[in-house]
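The primary structure of each chain is shown beneath.
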Amino acid sequence: MTQSCVLSEPCSLYGIESLPFELTQSEIILKPSSTDDHLLKVSSVPSDIFLGASSRTLTTDLFGQVESDFSLEQGSLKDIESLPASEINLASSLQTIRASSRETSPRLASNGGHQTWSTSSLEAESRKDKESLLSSDAPCQGLSVMGTDPEHADSVDSEALSQAHGHSDGGVELKHLDSVTPTVCSVSMEDVPDEVFLNIFSFLAQEDLCRHVTRVCKRWHRLAYDSTLWRKLDCSRWRSTGYQLQQIVLRIPGAIRWLDISAMDNLTLDDVAAVSVNCPELTYLDVGFVDDFNSDMLYLILMNCPKLCFLNVEGCRNANNEMMLTLAKTSGCQLRQLNFSHCSLTDESLTLLMKHMTGITHLNIDGISWISDEVVRQLASTYQDTLESLELDGNDLSDSTMEAVCGCQRLHTLSVSFCDDLSDRSVRHLLRLKQLEKLVLRKGLGLSAFAVTECFTSSVMQNLAYLDLTECQQLNDQGVQAIAQCCGRSVKTLNLAWCWLVTDRGVEAVAQHCWKMEKLYLTGLHRLEGAWLPVAVRNMKHLTYITFEQCNEVVDPVIEEAVREKHDLVILNYYGEVFIHRCQQ
């Protein structure tokens, strides 16, 4: 809707200081050139149209006589309320013109003998103005102000100006322009910063980056191999070959810090050489169950990757005394965490290790049943001040050896499998480990329920987050209740598989107290019926996994009801069949 205001007397633009960019209601005062105090007040004019520090104009009277000049700068509008009362005559004719949306900065365009200031015909002079225009919600309308060109003020008379404005009385016309179409600024993919794409690509699997993203365009190909996306390379998740591994490390030299190539087939010396040369910052290497990995490959890695601190050679066929000798030759390396589980090490291998590498903090030699008690005691004595994690095969392990192991006061992880020969005496030694967070005692056939209950009445065990008592066949409900009350606020994983004496009464205590529980393993507990499941669903907000394999008394309807109540819960029934909420299927 077009609104106009006409002042019959000559007037000039007056009182505009600097308009703020965010001002939505601004005022322009038109002061008559005559002595009358009539004022024309225009309110709600979008302040954007007056922006621009470089814009300058002149105020003129109706006949082109220059009165004064002023600058349009960002700032605040002059407060007209501070003007003397003689300057403001509220009894005068006041009209309001409203612009319903914000416009871009105006540009003065010459039009014959006079000058037209029209926001409908102006273009945005900066990118910021374009964005402001695009973000406008209201329909775009323009404001036209008809005035005289200061440069031609002397050559313009009142009659010509009056005809140009369509008024015989020679007034100045201020009017709205409707149906103004805003300029649309199109944004292409080229305008998206690299950082945005890199953030998106970080959610993709590295296999997808190589096989799909790199084929889109040259820019995506370049970004897909950005070093920030390849700090960690896990080739175990996709069946990559040694040749593919070479191609990746050659494209991103120096980027990889964490490398997992476990179970890779046909690994060659050239593949490992490429890794060692192009990954000088490597700190973590997992080559578990890679049959081709040998001592020569390890030597290349140790020589070219001086920052390596974690090495996993679990299950490697060639992980033997020769490989341990290679480690001894490069004793200057920073290796602190070693996993030699299920390898062909002997007592001599571990003796070399203790002689040349004295700063070991994590050691896994589980699955090596022929390691003697004497060597294990030497290990505990050598690394007494540094060892934080120790995993052993407990075959033929004695209580005296466990006493030596528990002398490592910094241990937070202790795992002993097949601890058939350990007695209650070993359980009491565990109370010396005040920083223990993970405890595994598998197949503790000689551990009585009384000893376990006594152990878990101590506050030393209250920080346990992981507890595995698989096949501790003397464990009963009383022991489980002691566990629940002692470390109920910390334990997240509990394994009671094949503890046949445990019933619903003991597991119900777990459901009531262990509210941080995430995984619960109950395989082989044939006395369970699952009556405590509703309590577990209600109390264990973080519980995501339960296994009832070989629990013949826990029927499927009970499992289905629990899954229906807790949608993120996964339960395995007697046959190992998976029950999940249907919305997740």
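Per an unreviewed UniProt entry, the protein goes by F-box domain-containing protein and derives from Littorina saxatilis.

Caption draft 1: Broad picture of the packing of helix α10 (residues 347–356) against helix α11 (residues 373–382). Two elements in contact, α10 and α11, have axes whose closest approach is 10 Å; the angle formed by their N-to-C orientations is 10 degrees. The orientation of α10 relative to α11 falls into the category roughly parallel. The segment α10 lies against α11, with D347, L350 and M354 engaging V375, Q378, L379 and T382. For the contact of α10 with α11, the residue count by class is four nonpolar, two polar and one charged.

Caption draft 2: Spatial organisation of the packing of aromatic side chains. Applying the stated rule across the entire model yields nine aromatic pairs. Between W532 and F548 the ring centres are 6.0 Å apart and the planes differ by 45 degrees, which places this aromatic pair in the tilted class. Taken as a pair, W532 in the loop between β22 (519–521) and α17 (533–539) and F548 in the loop between β23 (545–547) and α18 (556–565) lie far apart in primary sequence, 16 residues in all. For the pair W532 and F548, a shared accessibility class is recorded, and that class is buried. By the ring-pair criterion, three or more aromatic residues cluster together here, those being F197, F201 and W220. Its guanidinium or amino end placed over the ring of W258, K232 lies 4.2 Å from that ring's centre, counting from NZ or CZ.

Caption draft 3: How the structure looks around the environment of E565. Tracing the backbone shows E565 in helix α18. Taking relative accessible area as the criterion, E565 reaches 54% and is therefore assigned exposed. Distance in space between the C-alpha atoms of E565 and H581 is 8.8 Å, their sequence separation being 16 residues.

Caption draft 4: The arrangement of the pattern of salt bridges in detail. Enumeration according to the criterion identifies 10 salt bridges in this entry. Across the pair E388 and R410 runs a salt bridge whose closest N-O atoms are separated by 3.2 Å. Pair noted here: E388 is in the loop between α11 and β17 (389–393) and R410 is in the loop between α12 (399–405) and β18 (413–417), with a separation of 22 residues, a long-range link. The shortest N-O distance in the salt bridge between R425 and E403 comes to 3.7 Å. With R425 in helix α13 (residues 424–429) and E403 in helix α12, the pair connects residues that are 22 residues apart, well separated along the chain.

Caption draft 5: Representation of helix α6 (residues 242–251) within the structure. When α6 is considered as a whole, its buried residues turn out to be G242, L245, Q246, I248 and V249. Buried residues along α6 cover an arc of 165 degrees about the axis, so they all sit on one side. Elements in contact with the buried residues of α6: α4 (206–211), β11 (232–234), β12 (258–260) and α7 (269–278).

Caption draft 6: Quick peek at the pairing of β18. Counting buried positions along β18 gives five out of five residues, so the element sits mostly inside the fold. Both faces of β18 are covered, namely the face carrying T413, S415 and S417 and the face carrying L414 and V416. With five bridges joining them, β17 and β18 adopt parallel strand pairing. Each bridged residue has a counterpart across the sheet, and for E391 the counterpart in β18 is S415. The pairing of β18 with strand β19 (residues 438–441) spans four bridges and is classified as parallel. When the sheet's bridge partners are listed, T413 is paired in β19 with K438. Remark: the β18/α13/β19 crossover connection has right-handed handedness.

Conventions used here
- Residues numbered from 1 in each chain as written.
- Predicted model: local features only at pLDDT ≥ 70, side-chain atom pairs only at ≥ 80, totals over all residues.
- Heavy atoms only, no water.
- Axes fitted to C-alpha atoms, helices over the stretch in contact; angles between N-to-C directions.
- Helix = DSSP H or I, 4+ residues; strand = E, 2+ residues; numbered from the N terminus.
- Parallel < 35°, antiparallel > 145°, perpendicular 65-115°, else oblique.
- Contact = heavy atoms within 4.5 Å.
- Nonpolar A, V, L, I, M, F, W, Y, C, P; charged D, E, K, R; others polar.
- Phe/Tyr/Trp six-rings, centres within 6.5 Å; stacked < 30°, edge-to-face > 60°.
- Buried < 20%, exposed > 50% of the residue type's maximum accessible area, 1.4 Å probe, protein only.
- Lys NZ or Arg CZ within 6 Å of the ring centre and 35° of its normal.
- Salt bridge = Lys/Arg side-chain N within 4 Å of Asp/Glu carboxyl O.
- Arc of directions from axis to C-beta.
- Pairing = 2+ DSSP bridges.
- Right-handed = clockwise from strand over helix to strand, strands pointing away.

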